[in-house]
Amino acid sequence: MFELDIRSRQPIYEQLIDKMKEMIVRELWQPHDQLPSVRTMAKQLMVNPNTIQKAYRELERDGWIYSIPGKGSFVAPRSKEPNIEAIATVREQLVRLVKEARFLGVTNEQLWQWVREGEKEGENRDSTCGRDENV
């Protein structure tokens with residue numbers, strides 16, 4: 001599945017949220033795929049089930065997953081409408097990361113190269129996965 005860094009300053013539930021979002025963005029988990037139960041994931045990651053539950057609640061609140069009582073949690077389909085709040089959050093994170101990269105000496109050309117790499121990865125995934133944009 002994935003690993004969490006117990007020595008990190010970032011809380012475990014936030015690491016979990018980031019890892020799960022990455023799995024969804026990279027399309028390792030598809031829309032409507034069932035997620036591991038809270039107990040199963042807690043056992044696999046050796047984390048308190050309350051931590052997993054907190055991550056699931058936040059992911060559901062933000063529209064990444066949905067729950068069906070008695071059935072479990074599932075990957076939410078991609079919305080047709082842009083999520084303005086989520087886009088604003090990503091923008092803030094990107095601006096912060098660019099500032100940090102510039103402080104560390106990363107050049108504008110290096111930053112643009114990274115953007116191009118991200119675009120290429122997205123194009124390759126879109127063309128090979130046959131993703132349905134209407135889901």
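Provided above is the structure to which this section pertains.
Let us look at the structure shown here. (Residues numbered from 1 in each chain as written. Predicted model: local features only at pLDDT ≥ 70, side-chain atom pairs only at ≥ 80, totals over all residues. Heavy atoms only, no water.)

A tally of regular secondary structure across the protein chain gives 5 helices and 2 strands. The N-to-C order of helical and strand elements in the protein chain reads α-α-α-β-β-α-α. Accessible surface, the protein chain: about 10300 Å² in total, of which carbon and sulfur atoms supply 52%. (Helix = DSSP H or I, 4+ residues; strand = E, 2+ residues; numbered from the N terminus. Areas by Shrake-Rupley, 256 points an atom, 1.4 Å probe, with all protein chains shown as cover.)

Right, let's get into unusual backbone geometry. For His32, which is not glycine, the phi torsion reads 75° and is therefore positive. Relative to the helices and strands, His32 resides in the loop between helix 1 (12-25) and helix 2 (38-45). A relative accessible area of 44% places His32 in the partly exposed class. (Buried < 20%, exposed > 50% of the residue type's maximum accessible area, 1.4 Å probe, protein only.)

Now for the pairing of strand 1 (residues 65-68). With 4 bridges connecting them, strand 1 and strand 2 (residues 72-75) associate as antiparallel partners. Residue pairing in the sheet places Ile65 in a bridge with Val75 of strand 2. (Pairing = 2+ DSSP bridges.)

The next point concerns the nonpolar core. In terms of nonpolar packing, the biggest core is built from 21 residues, with Phe2, Met20, Trp29, Met41 and Ile52 touching the most fellow members. Of all the secondary-structure elements, those providing two or more residues to this core are helix 1, helix 2 and helix 3 (49-61). The leading source of residues in this core is helix 1, at 6 residues. With sequence-adjacent residues up to four places away left out, Phe2 is seen in contact with Leu16, Lys19, Met20, Met23, Trp29, Met41 and Leu45. (Core = buried A, V, L, I, M, F, W, Y, C linked by side-chain atoms within 4.5 Å. Contact = heavy atoms within 4.5 Å.)

We now examine the packing of aromatic side chains. Applying the stated criterion across every chain yields a total of 1 aromatic pair. Aromatic pair Tyr66 and Phe74: ring centres 5.5 Å apart, planes at 20°, arrangement stacked. Tyr66 gets classed as partly exposed once you look at its relative accessible area, which sits at 25%. Its guanidinium or amino end placed over the ring of Tyr13, Lys54 lies 4.0 Å from that ring's centre, counting from NZ or CZ. (Phe/Tyr/Trp six-rings, centres within 6.5 Å; stacked < 30°, edge-to-face > 60°. Lys NZ or Arg CZ within 6 Å of the ring centre and 35° of its normal.)

One way to put it is that helix 1 packs onto helix 3 with a least axis distance of 9 Å and a crossing angle of 50°. As far as their axial angle goes, helix 3 and helix 1 are oblique. The two elements helix 1 and helix 3 cross, and the hand of that crossing is right-handed. Two secondary-structure elements touch here, helix 1 through Ile12, Tyr13, Leu16, Ile17, Met20 and Lys21 and helix 3 through Thr51, Ile52, Lys54, Ala55, Tyr56, Glu58 and Leu59. (Axes fitted to C-alpha atoms, helices over the stretch in contact; angles between N-to-C directions. Parallel < 35°, antiparallel > 145°, perpendicular 65-115°, else oblique. Left-handed = near helix turned anticlockwise from the far one by under 90°.)

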